[in-house]
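Structural overview
Chain residues, written in single-letter form:
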Amino acid sequence: MIETLFADTVATEEKFQLATYKKMPVAAERGEGVWIYTSDGERYLDLYGGHAVAGTGHCHPHVVKAIREQAGELLFYSNLVYSNARARAAEKLISVAPAPMSKTFFCNSGTEANENAMRMARMATGRENVITFTGGFHGRTADAISATFLGKYRELGKPNVPGHLQAEFGDIDSVRAIADETVAAIMLEPIQSMAGVRMAEPAFYRALRELCDERSIVLIYDEVQTGVGRTGEWFFAGSEAGDGVVPDVITLAKALGSGVPVGACLVTDEIASHIKENDLGTTFGGGMLAMAAVTATLEAIENDRLLENVRRVEGYWRERLREIEEVLAVHGRGFLLGLEFAEKAAVIHQRLLEQKIITGTSSDAKVLRLLPPLCLSVDDADRFVTELTEICTS
């Protein structure tokens, strides 16, 4: 009976849904914490979080309660009216943001946040060009995919939106060479997740900040993956890993709503001063259900001390991973980690899946990505290390 249910689910999706993803042989039916429960009665340790979305864990009780209560009051109304749910979410988000972030614009996704961030930079400077980096991924809508210099994505987005320039990630000289008076913004993922969890030296982020200040260029951090606690801090912006640098705009999505679709741009007063009514817009952005999810997500991270948990478990995890000879390096920070192997990581990804552990691959064939919920425990980390050790030595 269970096997029939799984087969029926697969057959129905394949019949009626456009095939855009290569899917794992898993039909997720229920989630709790770091676990996914399937239609065939199995449970999987989720170290991928549905593309880094399940930050507070699957179905965190505080978030679920907030969504249920809001759903019984008002599912949605547009930005043409004021909303207590929206006001609370905006205030809470700014309260955890690094200074001088002072205002937020809510939208629906990471790619939409990045599109609006680039638009705001162009409005603020009167310039058109945007510099992004090799290995960066910023989304699949027109402007965002044109800013993506990773693999074949930009090719898939043709005809590309003009005004996009490419620099080498981590190489400030390559940025200086093209950052002329036509450049409105420099946008980057401070940790390049899909490229294999690549970070630059702290001095690179500082040099970018100084260059932008010198040439009146807007600095944008795409923190769609690194934001909302994933690195063990609320944001990469302002953190020690980036030499304390804070950009002019921070974009967010993924874990911001614990699974409810929502994106945001955080901006300074200087950027906000250039935005007038009707310059930006979104039908569903700032909807009440999403806003309730945002507030509850941030509260859950605080109440459960999840930032501290990420830092503690990361330190332990790194020590355990050093015991595995086949793990050549551990890249990244917090719960955005990339494990580098000598051979292709896809085989290890598949073997782990067979042991009921979900992980992610990357555009670097030798790097396995780990993006678990922020509530991952030491015991959960141990289970992964035990299974990985068995796979690597068998």
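Note on numbering: residues in each chain are counted from 1, in written sequence order. Totals for whole chains, interfaces and linings use every residue, but because this is a predicted model, local features are given only for residues with pLDDT of at least 70 and side-chain atom pairs only at 80 or more, for both listing and counting. As a rule here, side-chain values come from all non-hydrogen atoms in the structure, and water together with hydrogens is ignored.

Some details on the overall build of the protein
Here a strand is any run of E in DSSP of at least two residues, a helix any run of H or I of at least four, and the numbering for each starts at the N terminus. A tally of helices and strands in the protein yields 14 helices and 16 strands. For a compact globule the rule gives 2.2 Å times the number of residues to the power 0.38, and the radius of gyration it is set against comes from C-alpha atoms. Taken over C-alpha atoms, the radius of gyration comes to 21 Å for the protein, in line with the 21 Å a tight globule of 394 residues would show. When the backbone C-alpha atoms are referred to their principal axes, the protein occupies close to 60 × 50 × 45 Å. Per-residue accessibility, obtained with a 1.4 Å probe over protein chains only, is compared with the maximum for each type, and a residue is labelled buried under 20%, exposed over 50%, and partly exposed between these values. Out of the 394 residues in the protein, the part that is buried amounts to 55%. Note on contacts: a residue pair is in contact if any heavy atoms of the two residues lie within 4.5 Å. Sequence-distant contacts, at least 24 apart, represent 71% of the contacts inside the protein between residues at least 6 apart.

A look at the nonpolar core
We call a set of buried Ala, Val, Leu, Ile, Met, Phe, Trp, Tyr and Cys residues a nonpolar core when their side-chain atoms join them within 4.5 Å. Among the nonpolar cores identified, the biggest contains 92 residues, and Trp317 and Phe384 are the most heavily contacted of them. Not counting residues up to four positions away in its chain, the partners in contact with Phe384 are Leu47, Trp317, Leu321, Leu339, Leu352, Ile357, Thr359, Leu368 and Leu370. In this structure, Ala117, Met118, Ala147 and Cys265 belong to the second largest nonpolar core, which totals 20 residues.

Remarks on helix 13 (residues 346–354)
Burial in helix 13 covers these residues: Ile348, His349, Leu352 and Leu353. Take helix 13 and look down its axis: the buried residues cluster within an arc of 140°, on one side only. Residues of helix 13 that are buried sit in contact with strand 3 (43–46), strand 15 (357–358), strand 16 (367–370) and helix 14 (378–393). With its phi angle positive at about 65°, Lys356 sits one or two positions after the end of helix 13. As used here, the arc is the angular range of directions from the helix axis to the C-beta atoms.

Comments concerning the pairing of strand 7 (residues 183–188)
Across the six residues that make up strand 7, a large majority, six, are buried. At least two DSSP bridges between two strands are needed for those strands to be called paired. Pairing geometry for strand 5 (residues 129–133) and strand 7, over three bridges, is parallel. What sits directly across from Ile131, in strand 7, is Ile186. As paired strands, strand 7 and strand 10 (residues 218–222) are joined by four bridges and run parallel to one another. Paired with Leu188 across the bridge in strand 10 is Tyr221.

Observations regarding the packing of aromatic side chains
Two rings from Phe, Tyr or Trp (for Trp, the six-membered ring) form a pair when their centres are within 6.5 Å of each other. A pair whose planes differ by under 30 degrees is stacked, one over 60 is edge-to-face, and the rest are tilted. Using the criterion set out here, one finds 11 aromatic pairs in the structure. Ring centres 5.0 Å apart and planes at 70° place the aromatic pair Phe137 and Tyr153 in the edge-to-face group. Here Phe137 is found in the loop between strand 5 and helix 6 (142–146), whereas its partner Tyr153 is found in helix 7 (residues 153–156), with 16 residues between them in sequence. The class of Phe137 is buried, set by a relative accessible area of 16%. Three or more aromatic residues joined by ring pairs make a cluster, and in this case those are Phe133, Phe169, Phe204, Tyr205, Tyr221 and Phe236. Lysine and arginine charges are scored as sitting over a ring when NZ or CZ, respectively, is within 6 Å of the ring centre and within 35 degrees of the ring normal. Sitting above the plane of the Tyr37 ring, Arg30 keeps its charged end 4.0 Å from the centroid. In this structure, Arg43 packs its charged tip against the face of Trp35, placed 3.6 Å from the ring centre.

Topic: a nonpolar patch on the surface
Within the patch definition used here, like charges are joined within 9 Å and nonpolar side chains (Val, Leu, Ile, Met, Phe, Trp, Tyr) within 5 Å, considering only residues with over 30% relative accessible area and no salt bridge. Accessible areas in this description were obtained via Shrake-Rupley with a 1.4 Å probe; residue shielding takes into account the shown protein chains only. In the sections that follow, a salt bridge refers to a side-chain nitrogen of Lys or Arg positioned within 4 Å of a carboxyl oxygen of Asp or Glu. Together, Leu74, Tyr77, Leu80 and Val81 make up a nonpolar patch on the protein surface, roughly 410 Å² of accessible area in all. Position of Tyr77 among the secondary structure elements: in the loop between helix 3 (61–71) and helix 4 (84–96).

With respect to the confidence of the model for the protein
Each residue carries a pLDDT value, the predictor's own confidence for that position, ranging from 0 to 100. With 99% of its residues at a pLDDT of at least 70, the protein reaches an overall mean of 96. When the elements of the protein are averaged for pLDDT, helix 1 (residues 2–16) gives the smallest value, 85, and strand 10 the largest, 99.

Topic: unusual backbone geometry
Ala99 connects to Pro100 through a cis peptide bond whose omega is 10°. Mapped onto the secondary structure, Pro100 falls in the loop between helix 4 and strand 4 (101–107). Residue Pro159 follows Lys158 across a cis peptide bond; omega there is 0°. Along the chain, the position of Pro159 falls in the loop between helix 7 and strand 6 (164–167). One non-glycine residue with positive phi stands out, namely Ala52, at about 70°.

Some thoughts on the environment of His331
One can find His331 in strand 13 (residues 329–333). The sequence separation of His331 and Glu387 amounts to 56 residues, and the corresponding C-alpha distance is 20 Å. Residues within four places of His331 in sequence aside, it is in contact with Gly196, Val197, Arg318, Leu336, Leu337, Gly338 and Glu340. Identification of polar contacts relies on pairs of N or O atoms within 3.5 Å, with a donor-acceptor requirement for protein atoms, meaning one able to donate a hydrogen and the other able to accept it, and with residues adjacent in sequence counted only if both atoms are side-chain atoms. At 2.7 Å, the side chain of His331 forms a polar contact with the side chain of Glu340.

Points about the sheet that holds strand 5
Here we have seven strands laid out as an open sheet, ordered 4-12-11-10-7-5-6, and mixed in their pairing. Since the sheet does not close on itself, it has two edges, and those belong to strand 4 and strand 6, each with one partner. Across this sheet, the average inter-strand angle for adjacent strands is 25°, counted without regard to direction. Between the N-to-C directions of two axes lies an angle of 0 to 180 degrees, each axis being a line fitted to C-alpha atoms and, for a helix, fitted only over the stretch in contact. Helix 9 (residues 202–215) contacts strand 5, strand 7 and strand 10 of the sheet and is inclined by roughly 165° relative to strand 7.

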